[in-house]
Amino acid sequence: MATPKKLGQNIILVGPMGSGKSTVARIIGKKLGWRVCDLDLLIIEKTGMTIPEIFAEKGEAYFRRLEKELLITVLQGERLVIATGGGAVLDEENRRVMKENGTVVYLRTEIKELCRRLGRGKGRPLLAGGKPEEILTRLAREREAFYREAQITVDTQGLTPEAVAGRVIAAVFQGVAGQKGL
Ligand code: S3P
């Protein structure tokens, strides 16, 4: 395999709920033999609570603090594939540490496709109590600029998770897509 752009560093996946970050991270980890860190799962492990329970009982601010603490901790490691939660990019320091410690990859996905994949949004507290399409559209407006700060964007539309993983690896390792919009 060609020399990685940032040898020994990390691949960090960002994007909205349903963009495939967790699934794609697992595939990339397997292909590269890198460890996979799924931030939502780390939060669940650390608290012994589900994400909806954390939001309901402790509040979103508590969740965001944990998310930030764990992100900064895991980013001290190397050769990790990190699946972030969709809102991790909201925090300016999170965005900075991600860029400083790896290659940030935005998995861009159309809202209609996100809705199809998410269904009624089970396990996603931000989608509870509203129409997923409206909520995802509002979140996209609030977050798209932050996702676009990623060094690489991979369009996931119509691609299998395996194909997306392949594109991410190609972009990170061969420098093919330091150019955005693969
Ligand atoms: C969130 C996305 C979720 C999870 C939490 C909040 C968000 O992760 O972190 O429900 O703010 O978009 P996924 O993007 O993995 O669904």
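Thresholds applied
Per chain, residues are indexed from 1 in the order of the written sequence. Only residues with pLDDT of at least 70 are given local features in this predicted model, and only at 80 or more are side-chain atom pairs given and counted; all residues enter the totals for whole chains, interfaces and linings. Water and hydrogen atoms were dropped before computing side-chain values, which therefore reflect all heavy atoms in the structure. As a per-residue quantity, pLDDT reports the predictor's confidence and falls between 0 and 100. Residue contacts are counted whenever heavy atoms from the two residues lie within 4.5 Å of one another. Secondary structure elements follow DSSP: runs of H or I no shorter than four residues count as helices, runs of E no shorter than two count as strands, and numbering proceeds from the N terminus. The term polar contact refers here to a pair of N or O atoms within 3.5 Å; inside protein, the definition further demands a hydrogen-donor-capable atom paired with an acceptor-capable atom, and it admits residues adjacent in sequence only when both atoms are side-chain atoms. Any residue with a heavy atom lying within 4 Å of a molecule or strand is counted as near it. The protein chains shown are the only cover counted for residues, whose accessible areas, like all others here, come from Shrake-Rupley with a 1.4 Å probe. Gly counts as polar in this scheme, as do all residues outside two lists: the nonpolar Ala, Val, Leu, Ile, Met, Phe, Trp, Tyr, Cys and Pro, and the charged Asp, Glu, Lys and Arg.

**Points about the confidence of the model for the protein**
Then, number 1: Averaged over every residue, the pLDDT of the protein is 92; the share at 70 or more is 91%.
Then, number 2: Within the model, the stretch residues 176-182 combines pLDDT values under 50 with 21 contacts to residues more than four positions away or in other chains.

**Details of the environment of Glu 53**
Then, number 1: Position of Glu 53 among the secondary structure elements: in helix H3 (residues 51-57).
Then, number 2: At 2.9 Å, the side chain of Glu 53 forms a polar contact with the backbone nitrogen of Thr 50.

**Let's talk about the site of the ligand**
Then, number 1: Near the ligand you find 13 residues, and of these Lys 21, Asp 40, Arg 64, Arg 124 and Arg 143 are the closest.
Then, number 2: Arg 124 places a polar side-chain atom, nitrogen or oxygen, 2.8 Å from an oxygen atom of the ligand.
Then, number 3: Compared with its free state, where it exposes 390 Å², the ligand has 96% of that area covered by protein.
Then, number 4: Classifying every residue of the shell around the ligand by side-chain character gives 5 nonpolar, 3 polar and 5 charged.

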